[in-house]
Amino acid sequence: MKFAEIIAVTGLPGLYTVVTERKGGVIVEEMESGKRRFAPARKHQFAPLESMAVYTEDGDAEPLRKVFDRMLEQQEDNPAPAANEKGERLFDYFEDVLPTYDKDRVHASDIKRLLKWYHYMLANQLFDKLGDEEE
């Protein structure tokens, strides 16, 4: 599995993979349960995790894969908090992981979503399955 194959779908919790495209949308498979469903393009937007990034103070953005890699590196010394922790704890953790993140443009809801994805991927050993995809 490649990092680019994992997508987030607006309005639907969790992470998905695209099974096939259909007229007016795509059929997605929920990674956790394996259930498939049609997601109409008029109602949902689809974003591969590979295309996502976190805003930084220098005007650039740090790719989500690199943020996840930093979180993995720190997992033993600085484990990621649960996504339902208080905002202050989330921001303190994220400051350790990515000190240059843009404090005005990154919100608690963004960090919570990122942590939910991270914990899901960690629990299901998806990081091991991804391997190194550097091209």
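The structure we're discussing is the one just above.
On a predicted model such as this, the values are computed, not experimentally measured, just so you know. (Residues numbered from 1 in each chain as written. Predicted model: local features only at pLDDT ≥ 70, side-chain atom pairs only at ≥ 80, totals over all residues. Heavy atoms only, no water.)

> Lay out helix α2 (residues 87-97) in plain terms, naming residues and giving numbers.
Buried within α2 are the following residues: Leu90, Tyr93, Phe94 and Val97. The buried residues of α2 occupy an angular sector of 95° when projected down its axis, which confines them to one face. Packing partners of the buried residues in α2 comprise β6 (53-55), α1 (64-74) and α3 (108-123). (Buried < 20%, exposed > 50% of the residue type's maximum accessible area, 1.4 Å probe, protein only. Helix = DSSP H or I, 4+ residues; strand = E, 2+ residues; numbered from the N terminus. Arc of directions from axis to C-beta. Contact = heavy atoms within 4.5 Å.)

> An account of the nonpolar core is needed here, citing residue identities and associated values.
In terms of nonpolar packing, the biggest core is built from 31 residues, with Leu49, Phe68, Met71, Phe94 and Met121 touching the most fellow members. Among the secondary structure elements, those contributing two or more residues to this core are β1 (6-9), α1, α2, α3 and α4 (126-130). Of the residues forming this core, the biggest block, seven residues, is contributed by α3. Sequence-distant contacts of Met121, defined by excluding residues within four places in its chain, comprise Phe3, Ile6, Leu15, Leu49, Phe68, Leu126, Phe127 and Leu130. Formed by seven residues, the second largest nonpolar core is a distinct cluster that contains Leu12, Tyr16, Val26 and Val28. (Core = buried A, V, L, I, M, F, W, Y, C linked by side-chain atoms within 4.5 Å.)

> How would you sum up the environment of Asp128? Please name residues and give values.
You can see Asp128 is positioned in helix α4. The class of Asp128 is exposed, set by a relative accessible area of 63%.

> Which residues make up the layout of surface pockets, and what are the values?
Empty space within the largest pocket amounts to approximately 380 Å³. Considering the residues around the largest pocket, the lining is formed by 20 residues, among which Leu12, Pro13, Gly14, Arg113 and Trp117 are closest to the centre. Within the residue set of the lining of the largest pocket, elements represented by two or more residues are β1, β5 (46-48) and α3. Top contributing element to the lining of the largest pocket by residue count: α3, with six residues. (1 Å grid on protein atoms, 1.4 Å probe; cavity = no way out; pocket = protein on both sides within 12 Å on 5 of 7 lines; lining within 4 Å. Points joined across faces, edges and corners; volume = space filled by probe spheres on them.)

> Which residues make up the pairing of strand β3 (residues 25-30), and what are the values?
Alignment of strand β2 (residues 16-22) against β3, held across six bridges, turns out to be antiparallel. Directly across from Val18, in β3, lies its bridge partner Val28. What sits between β2 and β3 in their antiparallel hairpin is a turn of two residues, with Gly24 showing a positive phi close to 90°. The antiparallel pairing of β3 with strand β4 (residues 36-40) creates a hairpin that spans five residues between the two strands, and Gly34 there sits at a positive phi of about 80°. (Pairing = 2+ DSSP bridges.)

> Got a sec to walk through the sheet that holds β2? Specific residues and values, please.
Read from one edge to the other, the open sheet built from five strands follows the order β4-β3-β2-β1-β5, with strand pairing classed as antiparallel. One side of each edge strand has no neighbouring strand; the edge strands of this open sheet are β4 and β5. Between one strand axis and the next, the sheet turns through 45° on average, direction left out of account. (Axes fitted to C-alpha atoms, helices over the stretch in contact; angles between N-to-C directions.)

> Give me the lowdown on the packing of α1 against α3, citing residues and values where you can.
The contact between α1 and α3 brings their axes to 11 Å, and the two run at 65°. Crossing hand, α1 versus α3: right-handed. Along its contact with α1, which presents Leu64, Val67, Phe68, Met71 and Leu72, the element α3 presents Leu114, Leu115, Trp117, Tyr118, Met121 and Leu122. Split into classes, the residues belonging to the contact of α1 with α3 amount to 11 nonpolar, no polar and no charged. (Left-handed = near helix turned anticlockwise from the far one by under 90°. Nonpolar A, V, L, I, M, F, W, Y, C, P; charged D, E, K, R; others polar.)

> Lay out the pattern of salt bridges with the relevant residues and their values.
Under the criterion given, the structure shown has six salt bridges. Residue Glu62 is joined to Arg70 by a salt bridge in which the shortest nitrogen-to-oxygen separation is 3.6 Å. Residue Glu62 is classed as buried on the basis of its relative accessible area of 15%. Residue Asp110 pairs with Arg113 through a salt bridge whose shortest N-O separation is 3.6 Å. (Salt bridge = Lys/Arg side-chain N within 4 Å of Asp/Glu carboxyl O.)

Read these as layout, nothing more, since geometry by itself doesn't imply function.
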